[in-house]
Amino acid sequence: RQRVVSGMQPSGDSLHLGNYLGALVNWVKSQDEHDAFFFIPDLHAITVPQDPAELRARTRKTAAQYIAGGIDVEKSTLFVQSHVPEHAQLAWVLNCITGFGEASRMTQFKDKSAKGGQEAASVGLFTYPVLMAADILLYQPHGVPVGDDQRQHVELARDLAQRFNHRYGKAFTVPQALIQKEGARIYDLQNPTSKMSKSASSPNGLINILDDSKTVTKRIKSAVTDTDTVIAHDRANKPGVTNLLEILSTLTETPIPDLVAGYEGKMYGHLKVDVAEAVVARIEPIRTRTLELLDDPAELDRLLARGAEKAREVASATLADVYDKVGFLPLA
Ligand code: TYM
C-alpha cells in the first residue's frame, strides 16, 4: 500500500470550504487505498502569534472536524504534530541542507511577512516550509494530497529529499503533490480572484464548515458575480460564476460542462440556490458530528494519543536512519 501524508493548520475556529474541498475530501477518498497519515500542524500554527488556550481548543476542534468530515481513525493514522517530536528533530537536519536563498523564495513566506513587515516575521515563519518537508519525509509517502497553494512547499520537500539522498545515501522517498483538478483552489466569495483564506478573506467571502445553514445560504446568495447573465465557466471574465460552478461540481461530482448545459437560459439566482443547498447538505452533518465529538474531549485525546503512537513508529525509524547517515554518534 502506498502512503500519503497531509495536514491542516488549526488556525481559525473552523475549517473553511477551501480546506474541505481542496484537501479533506481528497484525504477521505485516499484513505481507502492508501496507508494514510493525517495530522494537525500545531508547530506550524505558532509561527504566528497564538493564544495558548485557543490553540489547544482549536487543535481538538480541528481533529474533530477531520473525523466528522470522514477521516476514519481505524483506517488512517490521525495525530497532533507536537506529539511526535521527530518532526522538529528532522526539521533541524533539513534546515542545515536548505539554502537561505532557497527558503527566501517561498511565496507563502513572502505573502505572510509582507503584511507585518519582514522585521515582525519570526524565524519560525521563515523556516516553516522546511518543517513541512520534515512532516512529509518522515513517513516516506509517495503522495501529499493538498490544494494548489501548497504546490511550492511540496516541491521543496522533493528537492530536500533528493539532496539528502544524494549527499548522504538514500533515506527518503521522493513524494509527489496530489492535487485534484476540481476544488484545488476555491476563491473568496466576495473577491473571487483571490483564494478563500482564513487570514485574507472578509467574513462574507468565507464559508466555514461549522457555520449554520442560514449564514451559509446568505453568504452564497450574496456572492459577487458579474453584470452579464450567462452561466459559463470562464475564469478570466467570470471568476465569481466560475467559482460557484466549481464548488457545485466538486460537491455533486458533476462535470462542469454538464452543469453549464443544465443552466442554459437560467439566471445566476438559480445557480446560487443550488450551490447553497449542496453546501448546506454537505456541511450540516459535519457540523453536528463535530459538536458531538467535542462533547467528549477525553475520548478525542485518547484517539489522538493512539495516532501519535502509530505515527512515531514510522517517524522514529526514518529519523534514526537520518541521524546515522549524517554521522551523529549513537547513544550507547
Ligand atoms: P493550510 O492549513 O493553509 O490548508 C490546509 C489545506 O487546505 C488547502 N486549501 C485550499 N484548497 C483549495 N482552495 C482554497 N482556497 C484553499 N485554502 C487552503 C491547502 O492547500 C491545504 O492542503 N502548510 C500547510 C499545512 C501543512 C502540511 C504539512 C500540509 C503543514 N505540514 C505537510 C501537507 C503536508 C498549510 O498551511 O495548509
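Conventions used here
Residues numbered from 1 in each chain as written. Predicted model: local features only at pLDDT ≥ 70, side-chain atom pairs only at ≥ 80, totals over all residues. Heavy atoms only, no water. Helix = DSSP H or I, 4+ residues; strand = E, 2+ residues; numbered from the N terminus. Rg over C-alpha atoms; globule rule 2.2 N^0.38 Å. Contact = heavy atoms within 4.5 Å. Areas by Shrake-Rupley, 256 points an atom, 1.4 Å probe, with all protein chains shown as cover. Lys, Arg positive; Asp, Glu negative; His and termini not counted. Charge placed at Lys NZ, Arg CZ, Asp CG, Glu CD. Core = buried A, V, L, I, M, F, W, Y, C linked by side-chain atoms within 4.5 Å. Buried < 20%, exposed > 50% of the residue type's maximum accessible area, 1.4 Å probe, protein only. Near = heavy atom within 4 Å. Polar contact = N/O pair within 3.5 Å; in protein donor to acceptor, adjacent residues only side chain to side chain. Nonpolar A, V, L, I, M, F, W, Y, C, P; charged D, E, K, R; others polar. pLDDT = per-residue confidence, 0-100. Pairing = 2+ DSSP bridges. Right-handed = clockwise from strand over helix to strand, strands pointing away. Phe/Tyr/Trp six-rings, centres within 6.5 Å; stacked < 30°, edge-to-face > 60°. Axes fitted to C-alpha atoms, helices over the stretch in contact; angles between N-to-C directions. Parallel < 35°, antiparallel > 145°, perpendicular 65-115°, else oblique.

The helix and strand inventory of the protein stands at 13 helices and 5 strands. Over its C-alpha atoms the protein spans a radius of gyration of 21 Å, differing by no more than 12% from the 20 Å that the globule rule assigns to 332 residues. Across its three principal directions, the C-alpha atoms of the protein cover 75 × 45 × 40 Å. Residue pairs at least 24 apart in sequence account for 76% of intrachain contacts in the protein once pairs closer than 6 positions are excluded. Accessible surface, the protein: about 15,400 Å² in total, of which carbon and sulfur atoms supply 53%. Within the protein, one finds 37 positive and 41 negative side-chain charges whose respective centroids are separated by 2 Å.

Turning to the nonpolar core, a few remarks are in order. Generally speaking, soluble globular proteins have nonpolar side chains that are buried together. Ranked by size, the top nonpolar core spans 54 residues in total, and within it Y20, I207, I220, I247, L271 and V279 carry the most contacts. Considering every element that reaches this core, the biggest residue donor is helix α12 (residues 268-294), with 10 residues. Setting aside residues up to four positions removed in sequence, L271 forms contacts with I231, V241, L244, L245, L248 and Y263. V5, F39, I136 and A171 belong to the second largest nonpolar core, which has 36 residues in total.

So, about the site of the ligand. In the vicinity of the ligand, 27 residues are found, and the nearest of them are Q9, Y128, D135, D149 and I186. Between a nitrogen atom of the ligand and a side-chain N or O atom of Q150, the distance comes to 3.1 Å. M196 has a polar backbone atom sitting 2.9 Å from a nitrogen atom of the ligand. Compared with its free state, where it exposes 710 Å², the ligand has 95% of that area covered by protein. A class-by-class count of the residues in the shell around the ligand yields 12 nonpolar, 11 polar and 4 charged.

Here we come to the confidence of the model for the protein. Summary statistics for the protein give a mean pLDDT of 95 and a share of 99% for residues scoring 70 or more. For this predicted complex, the interface confidence reaches an ipTM of 0.98, while the overall pTM sits at 0.95.

The subject of this paragraph is the pairing of strand β2 (residues 35-40). In terms of burial, β2 is largely enclosed, as 5 of its 6 residues are buried. Across 5 bridges, strand β1 (residues 3-7) lies against β2 in parallel orientation. Directly across from V5, in β2, lies its bridge partner F37. Considered for its hand, the β-α-β crossover made up of β1, helix α1 (residues 17-33) and β2 is right-handed. Summarising the sheet, β2 and strand β3 (residues 77-80) pair through 4 bridges and their orientation is parallel. Bridging across to β3, I40 finds its partner in V80.

A word on the packing of aromatic side chains. Scanning the entire structure with this criterion turns up 10 aromatic pairs. Centroid distance F79 to Y139: 5.8 Å. Interplanar angle 50 degrees. Geometry classified as tilted. With F79 in strand β3 and Y139 in the loop between α7 (123-137) and β4 (143-145), this residue pair connects regions lying 60 residues apart in the sequence. The burial state of F79 is the same as that of Y139; both residues are buried. Both rings, one in F100 and one in F126, keep their centres 4.9 Å apart while their planes meet at 40 degrees; by these two values the pair is tilted.

Running from N to C, helix α3 (residues 52-68) and helix α13 (residues 297-326) point in directions that differ by 80 degrees, and their axes come no closer than 11 Å. Of the possible angle classes, the one that applies to α3 and α13 is roughly perpendicular. Facing α3, whose interface residues are R60, A63, A64 and I67, α13 presents P297, L300, D301, L303 and L304. Looking at the contact of α3 with α13, its residues break down into 7 nonpolar, no polar and 2 charged.

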